[in-house]
Amino acid sequence: TTTTTTTTATPAPEAAAAYVPEHIRYLADDEERSQAADIIMKAIEGKKGHVFICESAMNCIEKIFAAVGGTEERKRLKNLLQNERFAIKIIKNKKSDRISSIQSKKLRKETRQIFSTGDSIGAITITSNAAFLRSARQAGVHLKALLHPARALVGHIVMKAAADSQAAATTSINNAKT
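From a predicted model like this one, the values you see are computed outputs, not experimental measurements. (Residues numbered from 1 in each chain as written. Predicted model: local features only at pLDDT ≥ 70, side-chain atom pairs only at ≥ 80, totals over all residues. Heavy atoms only, no water.)

Chemist: Teacher, can you tell me more about the overall build of the protein chain here?
Modeler: The helix and strand tally for the protein chain stands at nine helices and four strands. Its helices and strands taken in sequence order, the protein chain reads α-α-α-β-α-α-β-α-α-β-α-β-α from the N to the C terminus. Split by element, the accessible area of the protein chain, about 11,900 Å² in all, is 54% carbon and sulfur. (Helix = DSSP H or I, 4+ residues; strand = E, 2+ residues; numbered from the N terminus. Areas by Shrake-Rupley, 256 points an atom, 1.4 Å probe, with all protein chains shown as cover.)

Here it is as structure tokens:
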């Protein structure tokens, strides 16, 4: 009877990072230095009962995080949405004549719905969509908005790279034994 023992090595975090493309590593490092969630939290701190998210924005967020959010990114989103210091209320999309007046074929329906809702209720819209704010300004529509840094969700890429790195290290060790 022959017994085969498989040993796996866990690569150091630096080794796993070596397999992540440089631009992805930059995005992840930038998010670690200045998390967009922290900027958003500071903006809505103390707004209990006055923090809204429209249905379109919530749907967009859920789709993005389901498709490309890493474990830590999903955890931060959950913490943001379930924070005890303020209550976030999901509201129906609302129309705004000011947003409807912006002529551009490039604007997505969801973008119009999100900014229309904020404009119609007189809320400050928290966004990373600088292009829409520029388009609105060029059309003479000035919106209440807080612009936060745009962030690519890269946690899933970093985690996959770490898993690939670990698999490669396991394969190397197993090949070295044979």
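Chemist: I tried to follow helix α8 (residues 130-138) on my own but got confused; where do I start?
Modeler: Quick reminder: α-helices carry 3.6 residues per turn. Residues three or four places apart thus point the same way. Looking only at α8, the buried set comprises Phe132, Leu133 and Ala136. Taken down its axis, α8 places every buried residue within 100° of arc, on the same side. Packing partners of the buried residues in α8 comprise α6 (97-100), α7 (109-121), β3 (125-127) and β4 (145-147). (Buried < 20%, exposed > 50% of the residue type's maximum accessible area, 1.4 Å probe, protein only. Arc of directions from axis to C-beta. Contact = heavy atoms within 4.5 Å.)

Chemist: Explanation requested: α7 in the structure shown.
Modeler: In a regular helix each residue adds 1.5 Å, so 13 residues correspond to 18 Å; α7 covers 19 Å between its end C-alpha atoms and thus fits that length. Those residues of α7 that sit buried are Thr111, Phe115, Ser116, Thr117, Gly118 and Asp119. Tucked into the core, α7 has its buried residues touching β1 (51-54), β2 (88-91), α6, β3 and α8. Positive phi shows up at Gly122, right after α7, with a value of about 70°. (Expected span 1.5 Å × (residues − 1).)

Chemist: I'm lost on the confidence of the model for the protein chain in this one. Help?
Modeler: A low pLDDT score tells you not to read the predicted coordinates there in detail. Looking at the protein chain, pLDDT values average 75 and 63% of them are 70 or higher. Here residues 2-18 is a poorly scored stretch, pLDDT under 50, and it has 20 contacts once near neighbours within four places are set aside; other chains count. (pLDDT = per-residue confidence, 0-100.)

Chemist: Would you mind showing me how to read the pattern of salt bridges here?
Modeler: Summed over the entire model, instances satisfying the criterion amount to three salt bridges. Two residues, Glu55 and Lys92, come together in a salt bridge whose shortest N-O distance is 3.6 Å. With Glu55 in helix α4 (residues 55-68) and Lys92 in the loop between β2 and α6, the pair connects residues that are 37 residues apart, well separated along the chain. The class for Lys92 is exposed, based on a relative accessible area of 58%. When the shortest N-O distance is used, the salt bridge between Arg108 and Glu110 registers 3.4 Å. Judged by relative accessible area, Arg108 falls into the partly exposed class, the value being 47%. (Salt bridge = Lys/Arg side-chain N within 4 Å of Asp/Glu carboxyl O.)

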